[in-house]
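Structural overview
The primary structure of each chain is shown beneath.
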Amino acid sequence: MRALGRFIKRALLVVLILVIGLASPVIYVETMCRGRATPAPSAPLSGETRPEIRTLLTYPEWHIVHAYDDYAEVIREGDPHDFSYLRAIFGYWSSLCTLTTQAASLGEIDAETRQLVHVIGVSFTFEMLMKAAYEETIGRAATLIRGPRHARLDHLSAQQAAAYAAFLQQVPWYRYDFRGDAAALNQVATDAFRDRERAFSLGLEHLARAAYADVIAQAVAATGYDDLTLQMVVSDLPVETLTGTDGVRVIRETSAGFEVETPRYRELTRILADWAAQGATFLDMAGNDQIMFTATSDAATQDGALANLPRQGYGDTRHLFLVPVQDLAAALRTLDARGLRLEHIHDY
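So, here is what we can say about the structure in this document. Owing to the predicted nature of the structure, the values given are computational and were not obtained by experimental measurement. (Residues numbered from 1 in each chain as written. Predicted model: local features only at pLDDT ≥ 70, side-chain atom pairs only at ≥ 80, totals over all residues. Heavy atoms only, no water.)

With respect to the pattern of salt bridges
For the structure on display, the rule yields 26 salt bridges. With a shortest N-O distance of 2.4 Å, Glu127 and Arg209 are connected by a salt bridge. Pair noted here: Glu127 is in helix H5 (residues 111-146) and Arg209 is in helix H8 (residues 193-223), with a separation of 82 residues, a long-range link. It is possible to trace a salt-bridge network through shared partners that takes in Asp79, Glu135, Arg146, Asp154, Arg194, Glu197 and Arg198. (Salt bridge = Lys/Arg side-chain N within 4 Å of Asp/Glu carboxyl O. Helix = DSSP H or I, 4+ residues; strand = E, 2+ residues; numbered from the N terminus.)

Here is the structure:
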């Protein structure tokens, strides 16, 4: 009984330490990352209005998307233990601190958004820590037994990681076919130790994600899905260019330009980059006059960037920029001259 009591106490201590560790970045962001700026008044032009702070606070979710993409790039030729899980975690919370501070100039962060970025941050942190604990121990030992050449499932798991990262660019993660990936691992695995280890460990990970995804999908279905379109006002383009763009609907012509409805997410980035190259000016997006975009470059820092985050596997850096909506097109047209590559435009 005494041995059982000691085990329970130690288990509870481990749980307590884990809870404190996961809660500490949330507490830090909430107490130390407070901006003091006053939002400037705005005069919306489009019929749709969304909170402007969302352009900043959609980034945390995309940081996770980028982390999976970095991971896929690292294991394309390397191994999972080559990925810095702690750097991915630090990047999430440090960027959230910066953006939370900056958000004061755009408006008050609502409780639902605060809860969202903290919940996904804690979940991401826990996932990265658990993956690091496995890959730095059992996973690393399995690669030593395997030798320097990748096994069949090393190649397949790298392909699956890349496919998942690409999927997340436009579709919510909980719609991914994790069970299909788990089944594929079992079908392709040989009798080699590394293949059996990968099939078991990654298969278990995929099945756990699938179960969690089912829960999230049911919750989202009950509360409603995010809007998949965005309204904005665009000028300096002929209406034929607007109507000829897939997924775009012209709502009306105004004295300033055309009010249009566009897709969101990765499609929006492609559309805006294309329109900017053709000379467009964006006057208003969802009633807002500030917008954030990310770009990558070979330089460690860029003038005017809110944050500069090194990318793993690529050897370059991601930069976060906040610009007036009316300056966005001009900024996009000058990226090449500045040695920048557009990555994503963060809507609301």
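Let's pick the thread back up.
Some remarks on the nonpolar core
Counting 49 residues, the largest nonpolar core has Leu56, Tyr92 and Met128 as the members making the most contacts within it. The dominant element in this core, judged by the number of residues it contributes, is helix H3 (residues 59-77), at 10 residues. Every residue in contact with Tyr92, bar those within four places of it in the chain, is listed here: Pro60, His63, Ile64, Val117, Ile120, Gly121 and Phe124. Formed by 32 residues, the second largest nonpolar core is a distinct cluster that contains Val234, Leu242, Ala329 and Leu332. (Core = buried A, V, L, I, M, F, W, Y, C linked by side-chain atoms within 4.5 Å. Buried < 20%, exposed > 50% of the residue type's maximum accessible area, 1.4 Å probe, protein only. Contact = heavy atoms within 4.5 Å.)

Observations concerning the packing of aromatic side chains
With the rule as written, the count across this model stands at 14 aromatic pairs. Counting every residue linked through ring pairs, the aromatic cluster contains Tyr68, Tyr164, Phe167, Trp173, Tyr174, Tyr176, Phe178 and Tyr212. Looking at Arg311, its charged tip hangs above the ring of Tyr314, at a distance of 3.9 Å from the centre. (Phe/Tyr/Trp six-rings, centres within 6.5 Å; stacked < 30°, edge-to-face > 60°. Lys NZ or Arg CZ within 6 Å of the ring centre and 35° of its normal.)

Observations regarding the sheet that holds strand S6 (residues 307-310)
The four strands are arranged S6-S7-S5-S8 in an open sheet whose pairing can be described as antiparallel. Lying at the two open borders of the sheet, with one neighbouring strand each, are S6 and strand S8 (341-346). Ignoring strand direction, the axes of neighbouring strands in this sheet form an average angle of 25°. The pairing of S6 with strand S7 (residues 317-324) spans four bridges and is antiparallel. When the sheet's bridge partners are listed, Pro310 is paired in S7 with Thr317. Strands in contact with H3 are strand S5 (290-297), S6, S7 and S8; relative to S8, the strand with the most contacts, it is inclined by about 140°. Sitting on the sheet, helix H11 (residues 325-333) is in contact with S5, S7 and S8, with an inclination near 135° to S7. (Pairing = 2+ DSSP bridges. Axes fitted to C-alpha atoms, helices over the stretch in contact; angles between N-to-C directions.)

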